[in-house]
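Tertiary structure, described
Listed here are the chains, written in short residue letters.
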2 protein chains.
Amino acid sequence: MTDNTNDDGIPTLADVARHANVSTATVSRCLNSPERVGKNTRERVMQAVQNLAYTPNFGAQALAARQTNTIAAVIPTMENAVFARGLQAFQEELVRHGKTLLLASSAYDADLEEQQVRTLVARGADGLLLIGYDRAPDIYAFLAKQKVPTVIAWSFNPEENRPAVGFNNRAAMTELAKQVIRHGHKHLACISAPTASNDRARERVAGIRDAKASVGLNPNDLLVIETPYGIESGERAFRQVLTDAPNTTAVMCVNDVLAVGALRAAKEMGIRVPDDISVTGFDDIEIATLAEPPLTTVHVPHREMGRRAADMLIQIQKSDLTVQNLELTTEIRLRQSLGPNRN
Amino acid sequence: MTDNTNDDGIPTLADVARHANVSTATVSRCLNSPERVGKNTRERVMQAVQNLAYTPNFGAQALAARQTNTIAAVIPTMENAVFARGLQAFQEELVRHGKTLLLASSAYDADLEEQQVRTLVARGADGLLLIGYDRAPDIYAFLAKQKVPTVIAWSFNPEENRPAVGFNNRAAMTELAKQVIRHGHKHLACISAPTASNDRARERVAGIRDAKASVGLNPNDLLVIETPYGIESGERAFRQVLTDAPNTTAVMCVNDVLAVGALRAAKEMGIRVPDDISVTGFDDIEIATLAEPPLTTVHVPHREMGRRAADMLIQIQKSDLTVQNLELTTEIRLRQSLGPNRN
DNA sequence: AGCCTAAATGTAAGCGCTTACATTTTTTTA
DNA sequence: TAAAAAAATGTAAGCGCTTACATTTAGGCT
């Protein structure tokens, strides 16, 4: 083979160059910084690109340019509407900036997450989105060594020295818990996701304790059931709560899905919500309003979070900016699942 | 620079080779086909890899090996639980085979989809997952020319000569519609997603017509409202139905989300479901059981579909297999939103 | 017209890896 | 024990692109 058409018949830069009668450098420039090429030449080259239906070879481009225009994200699971939403916005914003999304999920498993992070970086991700701060220090070390800009979403803590766009999980939950307490509830219980390597859940639980402490209740006197994500999981946990602490009058869940499970268990058990017991959630996803009764919860601006995270990543990448931080605000959504304590 | 450490301080294959005192070829073999390297050498090399924390350069690897181990998917949106679910399973299966997912969304827009397909292919995807058959022929031509194995999911049509894993949207809806008719309903209406470039929606609507025809009703006498995806969109459509065809006794929606919207509109209008009017969905996502009343719908094995699609793609890629096809079965889930016609 | 500057284009050296082929070492076989 | 076969390793040629630097061309000024 003397020309540069590879055996696949897939045209290369050199093919385009030959057809347009210019050098490969010119073709490359036409594609990457057209303003640096004369109008005539450019048109001729573009025509050749068209005719040959040329597409740059990704590997070659990545190798030579030292970047892939690809941004990665590792989330717990897309089946959680919360992440699906945030990620959708994240991806849309990425596209707007000519980046592509490389995606992996960890199933809330720290080891799997680490593995996925390494894989995605090995796949040439120019940047990385991670959920929450909690993870082994060596992952952060690895990321630093590989110089992969990383943004944390869903959590926000000014003391953590890393780019993040999130909200104060703890304060948000405190605020909600105060509302609950204001409704006359003293015997609270909490249904939480596993808190190991999940600072969001941990902070939310802590938020409830803060609220108790702030009104003089014993913060340590709080039943916390940890259970995996899922409606049925929430159902079981609710039953557990009533077994372990029958005098509970308000069950605060760290997310809407668990709360919907609690609601369902209550219905099955003939317990009226909110008359007999109040239930709250967190996130404000669609099922919160669909539930019977509608769920009192904390509204989180998921889409905005995703969008901003993308912006931040792109910013950092292009300008090597110093640590950025963005705190989003959440809002309590009072709905029927929370009522006054009647006991 | 005489050694091959690049300026970033990121180690290269050559660095590892030097440290282990072998050639780059041996290092490469250690990484890619360890069985072809002697035990001692291998251990020495692996040690060096460890010590240097070496990670292969993606671009270089892709360029030399002519594959990226990356599989792409273009879906309408992750915010639709149906796709989130299928995609989650798809991604998990990919990981199991050492592949990574490149993801983009089209927002149900044909042009955007085409653009995304081209982008992902340009990003070096070794394979592609697409939703439904409907798209411009030049996309298929492009894919064929670029030799990118492609699998269609969510639709299944033995006459289409392309690898697919899906189900018979039309037959499934026919079956459901027959059930509806069996409940005494004659005046049906349909709330559909836009059917242009969406064969799934189109087939489902056609399925209703088939059912009508099969019992001697006029298939063309069917009110169809097309509306975008979303609960509120479903609400509006439901009102429209009752305006356009007040004698409707059963509203069949092409997906659960629209159906939930219909349910909500009914509640707001003081129309009882199923006493005054019946409503059905399609997909059987979580909100179908959460809705009040629970939704009669068609259960689709989303996760299995995602998983199988991944398998198929991997199969095709490695063995250049001929067209494969996999039809999954759906199931009617009868729940309270469908009741006998009382009019 | 002649010189200087800027714009356009070309030349060619990598980027870091894989792999065909060549060479060396080890094992097997008669 | 020597020759043949197999296993291990090395050599070096790309893979297709970007880009620093060199060269040519086109304007702009005096």
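Please refer to the structure placed before this passage.
The notes below deal with the structure included here. Just so it is clear, the model here is predicted, and its values are computed rather than measured. (Residues numbered from 1 in each chain as written. Chains lettered and ligands numbered in written order. Predicted model: local features only at pLDDT ≥ 70, side-chain atom pairs only at ≥ 80, totals over all residues.)

A few points about the overall build of chain A
Assigned secondary structure in chain A consists of 13 helices and 12 strands. Its C-alpha atoms give chain A a radius of gyration of 26 Å, clearly above 20 Å, the size a compact globule of 343 residues would have. In terms of overall dimensions, chain A has a C-alpha envelope of 85 × 35 × 35 Å along the principal axes. Sequence-distant contacts, at least 24 apart, represent 67% of the contacts inside chain A between residues at least 6 apart. (Helix = DSSP H or I, 4+ residues; strand = E, 2+ residues; numbered from the N terminus. Rg over C-alpha atoms; globule rule 2.2 N^0.38 Å. Contact = placed C-beta atoms within 7 Å.)

Comments concerning the packing of helix α1 (residues 13-20) of chain A against helix α3 (residues 39-52) of chain A
Residue and element names in this part refer to chain A. Relative to each other, α1 and α3 sit at 125°, their axes nearing to 9 Å. Relative to α3, the element α1 is oriented oblique. In this structure, α1 crosses over α3, and the sense of that crossing is right-handed. Facing α1, whose interface residues are D15, V16, H19 and A20, α3 presents R44, V45, A48, V49, N51 and L52. The residue makeup of the contact of α1 with α3, split by class, is six nonpolar, two polar and two charged. (Axes fitted to C-alpha atoms, helices over the stretch in contact; angles between N-to-C directions. Parallel < 35°, antiparallel > 145°, perpendicular 65-115°, else oblique. Left-handed = near helix turned anticlockwise from the far one by under 90°. Nonpolar A, V, L, I, M, F, W, Y, C, P; charged D, E, K, R; others polar.)

Some details on the relation of the copies chain B and chain A
With an RMSD of 0.0 Å, the operation that places chain B on chain A is a rotation of 180° combined with a shift of 0.0 Å along the axis. A rotation of that kind, with that shift, is consistent with a two-fold axis. Residue by residue, 100% of the interface of chain B is reproduced at the interface of chain A, so both copies engage with the same surface. (Least-squares fit on C-alpha atoms with pLDDT ≥ 70 in both.)

Digging into the interface of chain B and chain A
If you look at the interface, chain B gives 45 residues, while chain A gives 45 residues. If you list the elements that add at least two residues to the side of chain B that touches chain A, you get α4 (58-65), α5 (81-96), β2 (100-105), α6 (110-122) and α12 (286-290) of chain B. For the side of chain B that touches chain A, the leading source of residues is α5 of chain B, giving seven residues. Residues that form the side of chain B that touches chain A fall into these classes: 24 nonpolar, 13 polar and eight charged. Strand direction decides the pairing type here: strand β2 (residues 100-105) of chain A and β2 of chain B, joined by three bridges, are antiparallel. The residue of β2 of chain B that forms the bridge with L101 of chain A is L103 of chain B. (Pairing = 2+ DSSP bridges.)

Comments concerning the pairing of strand β1 (residues 70-75) of chain A
Residue and element names in this part refer to chain A. Counting buried residues in β1 gives six out of six residues, a clear majority hidden from the surface. Both faces of β1 are covered, namely the face carrying T70, A72 and V74 and the face carrying I71, A73 and I75. Alignment of β1 against β2, held across six bridges, turns out to be parallel. Bridging from a neighbouring strand, T70 pairs with T100 of β2. Viewed along the sheet, the connection from β1 through helix α5 (residues 81-96) into β2 turns out right-handed. Across four bridges, β1 lies against strand β3 (residues 127-131) in parallel orientation. Paired with I71 across the strands is G127, a residue of β3. (Buried ≥ 20, exposed ≤ 12 C-beta atoms within 10 Å, placed from the backbone. Right-handed = clockwise from strand over helix to strand, strands pointing away.)

Looking at the sheet that holds strand β8 (residues 250-253) of chain A
Residues and elements named next belong to chain A. The strand order across the open sheet formed by four strands is β7-β6-β8-β9, and the pairing between neighbours is parallel. The open sheet has two free edges, formed respectively by β7 (223-226) and β9 (278-280), since each of these has just one partner strand. Within this sheet the neighbouring strands show an average axis-to-axis angle of 20°, counted without direction. When strand β6 (residues 188-192) meets β7, the two strands line up parallel, connected through four bridges. Directly across from C190, in β7, lies its bridge partner V224.

Observations regarding the pairing of β8 of chain A
Residue and element names in this part refer to chain A. Neither face of β8 is exposed, since A250 and M252 on one face and V251 and C253 on the opposite face are all buried. Two strands pair when backbone bridges link them, and β6 and β8 are joined in this way by four bridges, in the parallel orientation. Looking across to β8, one finds that L188 is bridged to A250. Looking at chain direction, β8 and β9 are connected through three bridges and run parallel. Paired with M252 across the strands is T280, a residue of β9. Chirality of the crossover, the property in question, places the unit of β8, helix α11 (residues 256-269) and β9 among those that are right-handed.

Digging into unusual backbone geometry
All names here are of chain B. For the bond running from V273 to P274, omega is 10°, close enough to zero to count as cis. Within the fold, P274 resides in the loop between α11 (256-269) and β9 (278-280). A cis amide bond links E292 to the next residue, P293, at an omega of -5°. Tracing the backbone shows P293 in the loop between α12 and β10 (297-299).

With respect to the packing of helix α4 (residues 58-65) of chain A against α4 of chain B
It is at 7 Å that the axes of α4 of chain A and α4 of chain B come closest, and there the two elements cross at 145°. Once α4 of chain A is placed against α4 of chain B, the crossing between them reads as left-handed. Every residue of α4 of chain B that contacts α4 of chain A at F58, G59, A60, A62 and L63 of chain A is listed here: F58, G59, A60, A62 and L63 of chain B. For the contact of α4 of chain A with α4 of chain B, the class distribution of residues is eight nonpolar, two polar and no charged.

Topic: the nonpolar core
In this structure, I191, V251 and A262 of chain A together with I191, V251 and A262 of chain B are the most contacted members of the largest nonpolar core, which totals 174 residues. Residues within four places of V251 of chain B in sequence aside, it is in contact with A189, I191, F238, V241, A262, I277 and V279 of chain B. (Core = buried A, V, L, I, M, F, W, Y, C linked by C-beta atoms within 7 Å.)

Details of helix α6 (residues 110-122) of chain A
An ideal rise of 1.5 Å per residue puts 18 Å on 13 residues; α6 of chain A measures up with 18 Å between its terminal C-alpha atoms. Buried residues of α6 of chain A: E113, Q116, V117, L120 and V121 of chain A, and no others. End-on view of α6 of chain A: buried residues confined to an arc of 130°, all on one side of the axis. Where α6 of chain A is buried, its residues touch β1, β2, β3 and α7 (137-145) of chain A together with β2 of chain B. Looking at the residues trailing α6 of chain A, positive phi occurs at G124 of chain A, about 85°. (Expected span 1.5 Å × (residues − 1). Arc of directions from axis to C-beta.)

Side note on the environment of A153 of chain A
Residue and element names in this part refer to chain A. With respect to the helices and strands, A153 occurs in strand β4 (residues 150-153). Taking the C-beta count within 10 Å as the criterion, A153 has 30 such neighbours and is therefore assigned buried. For the pair A153 and I225, spaced 72 residues apart in the sequence, the C-alpha separation amounts to 25 Å. Those residues in contact with A153 that sit more than four places away from it in its chain are G86, L129, I131, V165, G166, M305 and A309.

Details of the environment of A73 of chain A
Take A73 of chain A: it is sitting in strand β1. Among all residues touching A73 of chain A, those that are not within four sequence positions of it are L87, F90, L101, L103 and L129 of chain A.

Here we look at the sheet that holds strand β11 (residues 325-327) of chain A
Taken together, the 12 strands give an open sheet; going across it, the order is β11(A)-β5(A)-β4(A)-β3(A)-β1(A)-β2(A)-β2(B)-β1(B)-β3(B)-β4(B)-β5(B)-β11(B), and neighbouring strands pair in mixed fashion. Each end of this open sheet is capped by a strand with a single partner; those strands are β11 of chain A together with β11 (325-327) of chain B. Shown here is a sheet whose adjacent strand axes are inclined to one another by a mean of 20°, direction ignored. Running over the sheet, α6 of chain A touches β1, β2 and β3 of chain A together with β2 of chain B and is turned about 175° from β1 of chain A.

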